[in-house]
Structure formats: C-alpha cells, structure tokens
Amino acid sequence: MTVNTTVRWIDGEAPSELSGGTTWGMPFARGTVAGTDAVAVCDSAGQRVASQAWPLATWPDGSLKWAGIALPATDVPSSEYQVTSDGGAAPAGDTPPGVTATEDAHSVTVSTGTLEMVISRSGSTLFSTFSREGTIVARDGHLVSLLQDGMADGAGTVSREAFTGEVAAVVLEQNGPVRAVVRLEGTHRPDSPTSSKRNWLPFVVRFYFYAGARSVRMVHSFIWDGDAGKDFLAGLGVRFTVPLESGLHDRHIRIAGADGGFLAEAVRGLTGLRRDPGAEVRGAQLAGEPTPPLEAWNEEVSRRLHLIPSWNDYSLSQLSADGFELRKRTAAGHAWVGISGGTRAAGFCSVSDTRGGLGVGIKDFWQSHPGQLDIRDAATDEASLTAWLYSPEAQPMDLRFYHDGLGQDTFEEQLEGLEITYEDYEPGFGNPTGIARTHELTLFAYGSTPATESLAADAQAASVPAMLQASPEYLHSAGVFGDWAPVDRSTPARAELEDRLDFLFDFYAGQVEQRRWYGFWNYGDVMHTYDFDRHVWRYDVGGYAWDNSELSPDLWLWYSYLRSGRADVFRFAEAMTRHTGEVDVYHLGPWKGLGSRHNVQHWGCSAKQLRISTPAYRRFYYYLTADERTGDLLTELVDSDQNFLGLDPVRKVRSDAATYRPDRNALGVGLGTDWGSLAATWLTDWERTGNPRSRDRLLGTMADIGALKYGFLTGEALYDLDKGRFDAGRERIQVSHLSAVFGLVEICSELVDLVPDKGFEAAWLQYCRLFLATEEEQTDAVGQPLPGIYLTQAHSRLSAYAAARLDDPGLAARAWESFAEGGEHLNHESAFTLRTIEPPHVLLPVDEAPTVSTNDASQFGLAVIQNLALIGDHLPR
C-alpha cells in the first residue's frame, strides 16, 4: 500500500518565507511503510522537494509508525505538500545546498550553505562564531545568570553574583542532509574565581540547522537545583557579541513592540535635527541603507556630527503580560531616556550595520514574563545583545513554600488538612529542586540591515513558528492514539455536542487571557476549581489552585486538536505540554521522574506521582512535532518503576503497609493511575527504541493483569521490580473513581488493538462493562457491588468501549444515559452560557459559566470524544 497524503500549514496559509526550515511528525498505518527511505515530499505542483525523514516509532511488526520529516529553508514555501511512501523521483530544479557538519577534537562546525556556526566542545561559549556568507555577525554566544542571596524585604542587605554557562559536552545528534541538530550540556559557574558558590542550573541547549537557512533555532532548557530558602534567581539570559564597523549613523537598532510595530533607530540619529542633512541622507538612514558620503550631506550637519549624541544602550523590559517599557541611554553613568511603552512586545530585537548583524526572537516572550531585551555598547566596535529569559529588573525568583506548614507534622494532621483545603501537605515536599523550564529562540543572521517589513516577518516567525501537519482524517486513518474520530456535525445531536466541546475550549482559552494565567513558571497551566463567591478561581486554596494535569486536560486538548486540526487548540496544548512536562515534574533529585499533584504552587503538593509525569500526556507533542526536548522527557521516565522503591504514593493511607516491602522489591502498584503511567512509559519507549526491557515489562504485566482473578478490579497488585512482573495470585476488589481518568482508558484502548492478549482484553472489558453496571449485575459477576463509583459522566466512555467491542446496543444506551445523568450541570443549556461579572466585584470584567472546573471540562470533553467515536450511531436523537 502506497501512502500519498497532503500536509498543510495549520494557520491556513503558507508563511511568506521559511527562513529556517521546518519539521513535523507523520504517522503511517501499520504495515504500510517499511522505513523512512521510502518517504518523499512533493510541493503543490507535484514536484519533489528536498526532505529528510527519520524514524520516531515503529509498530510491533517493525513497520514505520511515526517519522520526523524536515524541509529546508525556502523563499517561497508551497501552499501545501504531499507526503508519499514510494520514494518518488529526484527533486526537480534548483535545490538548496545541504546542511553539513564537521567535527574535530575541539569543535563542531555546521554550515547551512548560507550560515556557519562554530561550536566549541567545552568552555564558556555556546558558539565561538556565527557567520553569514563568510562575515561574522555574532561571536561568543553564552548563557548568563544572576544569583541573589536573599530578598530585599527589610531584613538586611542582599548581594548579586554573576554566573556564566560552562559547556561540558557537545553531541552532534543529527547530521543532514536537510537538518542538523547539535546538543550542548553544562552548568552555570561563578564568574568570580574567588567565589564560594558551586556551579548550578544544569542546562541543555540545542541548535537546529536547515539547508539554505538564514536563521538558527535554539531550544534552551534548564533545571532548578538551587536552595529555595537562600538562592534567588535574579536573571537568566543568553548573550551575544555583535561586531560593528560602520559609522554610528549607519548602525541600526530594531526592537519589536506590539502588533507588528517596531522601534527603528540609528545609534546616532539624523532626523529631527535643527539642521537638515538632506532628504537622501534621512531616507537612507530610515531605511537602514548606507548613507551617502559625508561630502554629499548638508555641511551644517556633517561638520557638527560630534555634537549629536550617540545612543549606546537600549532596553525593552516586559515585566508583566500587560506592559513593556522601552528606553535608551548614551552611556553607563548617565540617565535612561524613556522611548515608549505598550502592552505585549513580540520579543524580538536586532543590531546591525552595513556589513550585517544579528537578530534574536523569543517564542512566548510576554506570555513567559518577566523578560527583557538589552543592547549594550552599540557605539563601540563590539555591541552586546542579551535576550533575558528572566529579567534582572524583575523581583528575584522566590521559590520558597508559601506557608509554614500550619502544624501538619504527622500523617493524621496532613489528612485533616486535606479535608479542609484539599492540600496534601508534608514537610519538605514543597521543594522545587528538580523542576525545569524550556525556552525557544531564533537567531537571525543578516547581511545588512533588513527592511522593517522583513524584520516584522522574522519577529512573527520566531513568535509563532510555521507548522505543517497532516489532516485529522489522515491521522485517524493511520490508527494512532486509540479511540477518536474527526469532528462530525452530520446530525443535530452530534452538532450540539461538537458545539459544547467548542464552548469549553473557547472558555478555557478565554480564561487564560482574562485571568492572566501567564508568567515564567505558570504559562501553559490552568486552574483547577472556581470560587463562585469571590468570582475567582481558587488560586489560594490548597489543591484547588493550579491543575497540574489533574483529570487529564492535556489529553482533552490533544484529542481536540487531533479531531479538529485547529491551530489555536494545537498551541494551547503545546503550551500545556511544555509546562506540565517541565515545571510539574522533577528532573533530578530523589523524586526524579515523578510529578506533583495540583497545588497553589506547581511543586507544592506532597503527592509525587507518575500520574502527573506520565508520557501519556507528552507523546502527542513528541510524535506530531519530532521535538527532541520532549523526547528527553520521555527518556527520563524509562525506569520510573524504580521510583516506587523510594516513595509509596499512598503511604499516608495504606492499610496493608506490611505487604509493601521495598526492601524485597515487592511493591504495591495501583492498576489504575500507576500502571497506566507505567504502561504509557513502556509502550512509548518500546515503540521509540525497541528496548526489550520496556517491551517485556509491558507485555508481562498485561498478562499478569489478565491472570488476576478480578483483573483491573483488583485495584493494586504486588510488583516485583527485578522481574518486572505482578503477583497474579492476589484476590481482592478495590475500585477507585480516579483509576481510569489519568490516561488508562486511552492507553488500554491502544494496547488491546496493538498486541494480542486475550486475558488482558477480557480483564479490561470486564472493568469497562461493570464499572457503571447495576449493583445486581456487579454482584452476579464478582460477588459484590463495586465501591468507589464516582465521575459517572467521565466513566460513561468505559461502557461505550464495552458496547463497541461486544456489539451490545444495551450497553451503548447505558453509556449515553450515564453520560447524561452523570454530568450534573454540564447537561443543561445554562452550563454553556457565560455571564459577565463587572467591577466592583472583580478587578476587571470577567466571564464565568456554571461549568468552571477543569475536572468537568476535561472529562466531559474526553467522554464526548470517545463516546462519539465508539457508539456515535447510538446517540439519542
């Protein structure tokens, strides 16, 4: 079978230019494509274009399941592309030169044909030189950070110390012909040789190069490993040196403001003077072009050039989501002069002269405030450009826990606290050490000062990178990600449910904006539950505040994107994946591989569990984009079953503590949230790498669940860590309403179709059939009614799954009845309307709806999506 399908730009139109190339992920149905050698790409005219493909995952039969595909930079991207699996003819016409990388003992040098970057294997620079067509536009790129030893709160003086990133390892991960990737690792070291401070802030930086590109993508990730009680990050950025040779009037500063606007100035301005240098001179400077020779100027200006101030330093600071400030000064020691301000800056600036220059853009700049862009020494031979990911003008980062423990020193007291604030507190567990953050930047190399319109396009490309994706119909036909189907409005009943899904997404997207869910550690997450008395989300009430993936909003968003192909849904889900995979999960320390349950602070809860770190939430983004950083996060989790040795997830309420024996590697593992997360980990690793350990643990524990007398209804089984197997002899029934709402449904759906195991399938069908059955049916099947049956609407999809697999119209009817009955307010029309609350009841006008709970929204959404896919034909009219 030959694949031939169209991929389109998710924003609807092709970008005006593809200055840095592009990458996306593409699935293939089982057995259709043997390997990436067969994958080819054609433009809208049917002409094959240069491309590069590599495997991301394989099916159990060895055929290609997912591939990453890259296209080179181009001045005129096609409106769409065709991906084929027949190899196709060689590319026609002119093709850009391939990207090449050469290595020696000291450096890695990468060339796109237009650009060249020389990366030292160790030392304090990320790269030594960055050139365009032989001209160096930047050198000595390096990471900088500032450590403050306290907070200026009246308790004494504080001091700041500067650090610089020290590269310890460089790896060429991919080497053309269209795309090359270089990974650098290191830590920040003190600048002062007499400092008593240790190295800190481990980082990973990747540079992405594409054939023909005039820009380079940079992805920077760091892990917080400070002491929250005494270490306060006061600045974090990337700094570049930009050589300048032209006269001061031919050096140009460009800084993007809001809505496509730009500050466009020269270091020494020639407009607005008392004497006019001449229209040609002014026009050239405004356009960023070389000005005429001095003898062609008005002599009244040219002989007084030394009396016109030169502006050495420029700065844009974005300290909140709602305001930025631009200013400049002539030199250190002199006052800053305000230029202008605005709301949301694009996060782009450049410094250049007639020989060229450097531009830098930061993705999600204002959303991830506080950020800053600094240009210094523009009147000298070497300007400095710093892209601050955390602004040194903001309050230093304070990651201390937000209360003193309130006397909750014992498990009993902590469980009492859980009863009132829903916060699972435990001393020492509100520790941020090990959380991470990722930023994406784009570095542009210029041969001269570009036109402002061109710079505006670059700023847009850095802020909202162009993305190719396959259609929902094709993704569905490939058979990936289990039970879902593209949006279908073919009947009034279906259309009504689709409208409700749209309402919920639009509501949450609107809440991000209205409630300003932005900021360095917060962007990408949503709040858990609403407070209707105060007309605010419960941002300050224990476990009701930040959601941290509780009840799987990540899944809801990704399935919503798969079904619709909507760009706004994709970017919402992308931001959540970046956040929940980095900030809500530990990447070093004793809890590495575990995530924190919902809390006022993302790291505050003592419940450190796999249900938050599960690859079930991250694998969508990895496969759809081929993002290496997300691949790192998936790899981190491969041995996450080891975490049960050090931390029992139910240690505070375990009634059978005597049987939980980490010293003997006999570990109680829940068959819901725990095993579902492990299964997602093992499945993802197996299909990505072929790792036999992951395959055997996945297939072995599936067989063991099928061998348990009560299957999934057993609730928990003893896990032998050495063998990677469950004790299949356990006989008990313990059902939780949380077991199937953290990815278990989706993973089991995939596994049943992926690998044949009749015992496992029977166990899963039993669980799905009985969970919402009558007490009489439950007793007839297993001798007792099932306890712990809540979230009825969410679990209606279990009945739907059983109905579809067993071809049982009665179960299908029960599924829709349970969906309608269990939704409470979500089944009333009033739940899908908004009311606007005006001051003085709130700070600003805000919208609220009766259904403002992430639990309700995400589980309602998943129930609708899966029920429609499984038993949509039985939907009551």
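One can find the structure itself at the top, above this paragraph.
Residues numbered from 1 in each chain as written. Predicted model: local features only at pLDDT ≥ 70, side-chain atom pairs only at ≥ 80, totals over all residues. Heavy atoms only, no water.

Participant: Would you mind going over the sheet that holds strand E2 (residues 22–27) with me for this structure?
Facilitator: Whether parallel or antiparallel, the strands of a sheet pair through hydrogen bonds between backbone atoms. Ordered in space as E2-E6-E5, the three strands form an open sheet in which the pairing is antiparallel. Sheet topology places E2 and strand E5 (52–58) at the edges, where each strand pairs with a single neighbour. Each neighbouring strand pair of the sheet contributes to a mean axis angle of 20 degrees, computed without reference to strand direction. Bridge count for E2 against strand E6 (residues 64–71) is six bridges, and the pairing is antiparallel. Of the residues in E6, the one forming a bridge with glycine 25 is glycine 68. Against the sheet, helix H13 (residues 673–689) contacts E5 and E6, and its axis sits at roughly 140 degrees relative to E5. (Pairing = 2+ DSSP bridges. Helix = DSSP H or I, 4+ residues; strand = E, 2+ residues; numbered from the N terminus. Axes fitted to C-alpha atoms, helices over the stretch in contact; angles between N-to-C directions. Contact = heavy atoms within 4.5 Å.)

Participant: Looking at this structure, how should I read the environment of glutamate 245?
Facilitator: Mapped onto the fold, glutamate 245 is located in the loop between strand E17 (232–243) and strand E18 (252–256). The sequence separation of glutamate 245 and proline 756 amounts to 511 residues, and the corresponding C-alpha distance is 69 Å. Ignoring any residue separated from it by four or fewer positions in sequence, one finds glutamate 245 in contact with Arg251, Asp353 and Arg355.

Participant: Before we go on, may I ask you to explain the side chain of serine 552 in this structure?
Facilitator: Tracing the sequence through the fold places serine 552 in the loop between strand E30 (536–537) and helix H7 (553–564). Overall, the relative accessible area of 1% leaves serine 552 in the buried class. Side-chain polar atoms of serine 552 contact the backbone oxygen of valine 741, separated by 2.8 Å. Here serine 552 is in contact with Tyr617, Val741, Phe742, Gly743, Ser858, Gln859 and Leu862, once residues within four sequence places are set aside. (Buried < 20%, exposed > 50% of the residue type's maximum accessible area, 1.4 Å probe, protein only. Polar contact = N/O pair within 3.5 Å; in protein donor to acceptor, adjacent residues only side chain to side chain.)

Participant: How should the nonpolar core be read in this particular structure?
Facilitator: Note that soluble globular proteins tend to have their nonpolar side chains buried in a common cluster. Counting residues in hydrophobic clusters, the biggest one holds 237 residues, and the most contacted among them are Phe130, Phe207, Trp675, Phe712 and Trp764. With nine residues, the single largest contributor to this core is helix H6 (residues 492–514). Listed in part, the eight residues of the second largest apolar core include Phe348, Leu455, Ala459 and Ala462. (Core = buried A, V, L, I, M, F, W, Y, C linked by side-chain atoms within 4.5 Å.)

Participant: Honestly, the packing of helix H16 (residues 758–771) against helix H18 (residues 792–806) in this entry has me stumped. Any pointers?
Facilitator: The geometry of a pair of packed helices is captured by two quantities: the angle between their axes and the separation between those axes. Their axes nearest at 7 Å, the elements H16 and H18 cross at an angle of 125 degrees. Comparing their axes, H18 and H16 come out oblique. Judged by the sense of rotation from one axis to the other, the crossing of H16 with H18 is left-handed. Taking contact as the criterion, the partners of Glu761, Trp764, Leu765, Tyr767, Cys768, Arg769 and Phe771 in H16 are, on H18, His795, Leu798, Ser799, Tyr801, Ala802, Arg805 and Leu806. Split into classes, the residues belonging to the contact of H16 with H18 amount to nine nonpolar, two polar and three charged. (Parallel < 35°, antiparallel > 145°, perpendicular 65-115°, else oblique. Left-handed = near helix turned anticlockwise from the far one by under 90°. Nonpolar A, V, L, I, M, F, W, Y, C, P; charged D, E, K, R; others polar.)

Participant: Explain the pairing of strand E34 (residues 716–720) here, please?
Facilitator: Side-chain direction in a regular strand flips from residue to residue, so the side chains alternate between the two faces of the sheet. Judged from the five bridges that link them, strand E33 (residues 666–670) and E34 form a sheet pairing that is antiparallel. Of the residues in E34, the one forming a bridge with leucine 667 is tyrosine 719. Taken together, E34 and the strand that follows it, strand E35 (residues 725–726), pair antiparallel across an intervening segment of four residues, in which glycine 724 is found at a positive phi of about 70 degrees.

Participant: Is there a simple way to think about the packing of H16 against helix H17 (residues 775–782) in this case?
Facilitator: The contact between H16 and H17 brings their axes to 9 Å, and the two run at 150 degrees. Taken together, H16 and H17 sit at an angle that is classed as roughly antiparallel. The segment H16 lies against H17, with Gln766, Leu770 and Phe771 engaging Glu777, Gln778, Ala781 and Val782.

Participant: What exactly am I supposed to notice about the pattern of salt bridges here?
Facilitator: Two side chains bearing opposite charge may form a pair once their charged atoms approach each other closely. Throughout the structure, instances matching the rule amount to 66 salt bridges. Note that arginine 139 and glutamate 382 form a salt bridge whose closest N and O atoms lie 2.7 Å from each other. Of this pair, arginine 139 sits in strand E12 (residues 135–148) while glutamate 382 sits in strand E26 (residues 382–390), placing them 243 residues apart in sequence. Residue classification places glutamate 382 among the partly exposed positions, given a relative accessible area of 41%. Measuring nitrogen to oxygen at the nearest pair gives 3.9 Å for the salt bridge that ties arginine 629 to aspartate 632. With a gap of three residues between them, arginine 629 and aspartate 632 both fall in helix H11 (residues 628–636), about one helical turn apart. Look at arginine 629 and you get buried, because its relative accessible area is 6%. (Salt bridge = Lys/Arg side-chain N within 4 Å of Asp/Glu carboxyl O.)

Participant: For this particular structure, what's the right way to read unusual backbone geometry?
Facilitator: Of note, the amide linkage connecting glycine 176 to proline 177 takes the cis form, showing an omega dihedral of 15 degrees. Topologically, proline 177 is positioned in the loop between strand E13 (160–175) and strand E14 (179–190). Each neighbour pair has its own omega, and for proline 839 with proline 840 the value is 15 degrees, a cis peptide bond. Phi at asparagine 548 is positive, roughly 50 degrees, even though this residue is not glycine. When you line up the elements, asparagine 548 lands in the loop between E30 and H7. Given a relative accessible area of 1%, asparagine 548 falls into the buried group.

Participant: It is not clear to me how the environment of leucine 201 should be interpreted in this structure. Could you clarify?
Facilitator: Position of leucine 201 relative to the elements: it lies in strand E15 (residues 200–210). Taking C-alpha positions, leucine 201 is 43 Å from proline 850, a pair spaced 649 residues apart along the chain. Discounting chain neighbours no more than four positions away, the residues touching leucine 201 are Ser145, Gly186, Thr187, His188, Phe222, Ile223, Trp224, Asp225, Leu233 and Leu236.

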